[in-house]
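Given next are the chains, with one letter for each unit.
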Amino acid sequence: MIYQTIELFHQDIENAVYSEMTEFERDFLCGMLKKKKPEKLLEIGVSAGGTTVMILECMKTLGLKSKMYSVDVSEFWYRSDKRKTGFAAKEYMEHRYSEIQHEFILGQSIPYVIDRIGEGIDFLVLDTTHSMPGEFLDFLICLPYLQEGCIVLLHDTIENHLTCRNNEIATKLLFDLVHGNKWYMCNNETEIFGFSNIAAFEVSKQTRKNICSVFSGLTMSWEYMLTDEELNKYSELIGKHYPKEYLEWSERAFSLQKYTHIRKEINWHYGLDHEWLKMKWKEQKNVFLYGGGYWARTYSEYARMNHLPISGWIISDEEDMVDTGKYSLPVFYLGDLPYEPDDCSIILALDRQYFGMVKKNLVQKGYYMVL
């Protein structure tokens, strides 16, 4: 083996049906718990709470009196909005006495709550989106709060092969880029080609010294985009705990990801490459965005990033007036547009299902220049 191995430690648990780990993965997790005997655990990504139950049961068997936090951005189970996140663990704790102090923190992502949890974490379970930036950013935020020797356990390290979704690489990429002692075991009996879906590494001085490799990974393509508020929160904590150059790199990476995300959105919505739209846009005068919702804001952001002129937003005569917020653009009802049809170019910045109806209405009113 090219990585260290661990002695597996088996635990039988109730509600195993809600665990999203195989028996081998659960035994690996318990083996790491037995090795470390942690005093302060943090679990990020809860789902039904199957992993939470496994940890609590294992810690009880080991006779440990620890503190554990389980954090999830969602208040409801991702498979059913009728059941709350962590319901299986809550049911377990109602019927089983444990000396472990446990707290659920739901409805908030880790940068908003890590100061409340505090330092001294010696076991971290990362099991969230598996797509970039997911576990990458969460680990960077947690690292300053982790003790030397903290074990970081990563689930779904080959999830991209199990689901055939190429984007689910965040945990494996983090495992590969981080520096430190690493544990990974093949299991030819139950795992795909022997590759298990779980791994762990140990935080050390080497991890912190070479953290630049993880920051560098932030330029990998992101599967989803965070809000400006969320990015600002991540920036706040990076600026608090890391040297200035890491904050500057992160914010550059955030801007790069926002720009790429906007262009991908435009490509899908417009139906042609965004560069074609940009070329046509530059040739027009008095360009208006038809729509006042998500797509109007997306095209406005694209225009801002590419220095493209916008004369305003157009909404249907029967629509309520909209607030353009940070874009500070005038909004016109179509019937009140103060330009002749030949002097306008219009981009349909609304849901695609309305394209045909709106374009027909525009043509009837003499607006033929629809980009």
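Residues numbered from 1 in each chain as written. Predicted model: local features only at pLDDT ≥ 70, side-chain atom pairs only at ≥ 80, totals over all residues. Heavy atoms only, no water.

### A few points about unusual backbone geometry
Working step 1: Look at the link from M132 to P133: it is a cis peptide, with omega at 10 degrees.
Working step 2: Note on placement: P133 falls in the loop between strand 4 (121-126) and helix 5 (134-142).
Working step 3: With a phi close to 70 degrees, H130 is a non-glycine residue in the positive phi region.
Working step 4: Considering the arrangement of structural elements, one finds H130 in the loop between strand 4 and helix 5.
Working step 5: Given a relative accessible area of 8%, H130 falls into the buried group.
Working step 6: We note that H307 has phi near 55 degrees; this positive angle belongs to a residue other than glycine.
Working step 7: Take H307: it is sitting in the loop between helix 13 (294-306) and strand 9 (312-315). (Helix = DSSP H or I, 4+ residues; strand = E, 2+ residues; numbered from the N terminus. Buried < 20%, exposed > 50% of the residue type's maximum accessible area, 1.4 Å probe, protein only.)

### Points about a nonpolar patch on the surface
Working step 1: Together, L162, I192, F193 and F195 give the surface a local cluster of nonpolar side chains, amounting to about 460 Å² of exposed area.
Working step 2: Position of I192 relative to the elements: it lies in the loop between strand 6 (182-183) and strand 7 (198-202). (Patch = residues over 30% accessible without salt bridge, like charges linked within 9 Å, V, L, I, M, F, W, Y side chains within 5 Å. Areas by Shrake-Rupley, 256 points an atom, 1.4 Å probe, with all protein chains shown as cover. Salt bridge = Lys/Arg side-chain N within 4 Å of Asp/Glu carboxyl O.)

### So, the layout of surface pockets
Working step 1: Quantified by volume, the largest pocket comes out at close to 900 Å³.
Working step 2: Lining the largest pocket are 47 residues, with G45, D72, D127, T128 and T129 positioned closest to its centre.
Working step 3: Mapped by element, the contributors of at least two residues to the lining of the largest pocket are helix 2 (50-61), strand 2 (67-72), helix 5, helix 6 (159-163) and helix 10 (228-241).
Working step 4: In terms of residue count, helix 5 provides more of the lining of the largest pocket than any other element does, 3 residues in total.
Working step 5: In terms of residue class, the lining of the largest pocket is built from 18 nonpolar, 18 polar and 11 charged. (1 Å grid on protein atoms, 1.4 Å probe; cavity = no way out; pocket = protein on both sides within 12 Å on 5 of 7 lines; lining within 4 Å. Points joined across faces, edges and corners; volume = space filled by probe spheres on them. Nonpolar A, V, L, I, M, F, W, Y, C, P; charged D, E, K, R; others polar.)

### Section: the packing of helix 5 against helix 10
Working step 1: In the contact formed by helix 5 and helix 10, the axes pass within 9 Å of each other and the chain directions differ by 40 degrees. When the axes of helix 5 and helix 10 are compared, the crossing they make is left-handed. Mapping the contact onto sequence places L137, D138 and I141 in helix 5 and Y234, L237 and I238 in helix 10.
Working step 2: Class assignment for the residues of the contact of helix 5 with helix 10 results in 5 nonpolar, no polar and 1 charged. (Axes fitted to C-alpha atoms, helices over the stretch in contact; angles between N-to-C directions. Left-handed = near helix turned anticlockwise from the far one by under 90°. Contact = heavy atoms within 4.5 Å.)

### Considering the nonpolar core
In a soluble, globular protein the nonpolar side chains are often hidden away together inside.
Working step 1: Among the nonpolar cores identified, the biggest contains 49 residues, and L42, I110, L124, F139 and L146 are the most heavily contacted of them.
Working step 2: Residues contacting L124, with those up to four places away along its chain left out, are L42, I44, F139, C142, L146, C150, I151, V152 and L153. (Core = buried A, V, L, I, M, F, W, Y, C linked by side-chain atoms within 4.5 Å.)

### Quick word on the pairing of strand 2
Working step 1: Among the 6 residues in strand 2, 5 count as buried, and that is most of the element.
Working step 2: Note that strand 2 and strand 3 (residues 101-106) share 6 bridges and pair parallel. The partner of M68 across the bridge, within strand 3, is H102. (Pairing = 2+ DSSP bridges.)

### Quick look at the environment of H261
Working step 1: Mapped onto the secondary structure, H261 falls in helix 11 (residues 244-270).
Working step 2: Under the relative-accessibility criterion, H261 is labelled partly exposed at 25%.
Working step 3: Taking the C-alpha atoms as reference points, H261 and S316, 55 residues apart in sequence, are found 28 Å from one another.
Working step 4: Contacts of H261, omitting those with residues within four sequence positions, involve M225 and Y294.

### Quick word on the side chain of D138
Working step 1: Turning to its location among the elements, D138 is positioned in helix 5.
Working step 2: Every residue in contact with D138, bar those within four places of it in the chain, is listed here: I44, I110, L126, T128 and Y234.

### Overview of the pairing of strand 11 (residues 345-348)
Working step 1: Alternating positions in strand 11 separate into two faces, S345 and I347 on one and I346 and L348 on the other, with burial throughout.
Working step 2: Bridge analysis of strand 8 (residues 287-290) against strand 11 gives 4 bridges, and the strand direction is parallel. The residue of strand 11 that forms the bridge with L289 is I347.

### A look at the environment of F195
Working step 1: Relative to the assigned elements, F195 resides in the loop between strand 6 and strand 7.
Working step 2: Along the backbone, F195 and I158 are 37 residues apart, and their C-alpha atoms lie at a distance of 7.7 Å.
Working step 3: Ignoring sequence-local partners within four residues, the contact set of F195 consists of I158 and Y184.

From the geometry alone we can't say anything about function, so treat these as descriptive.
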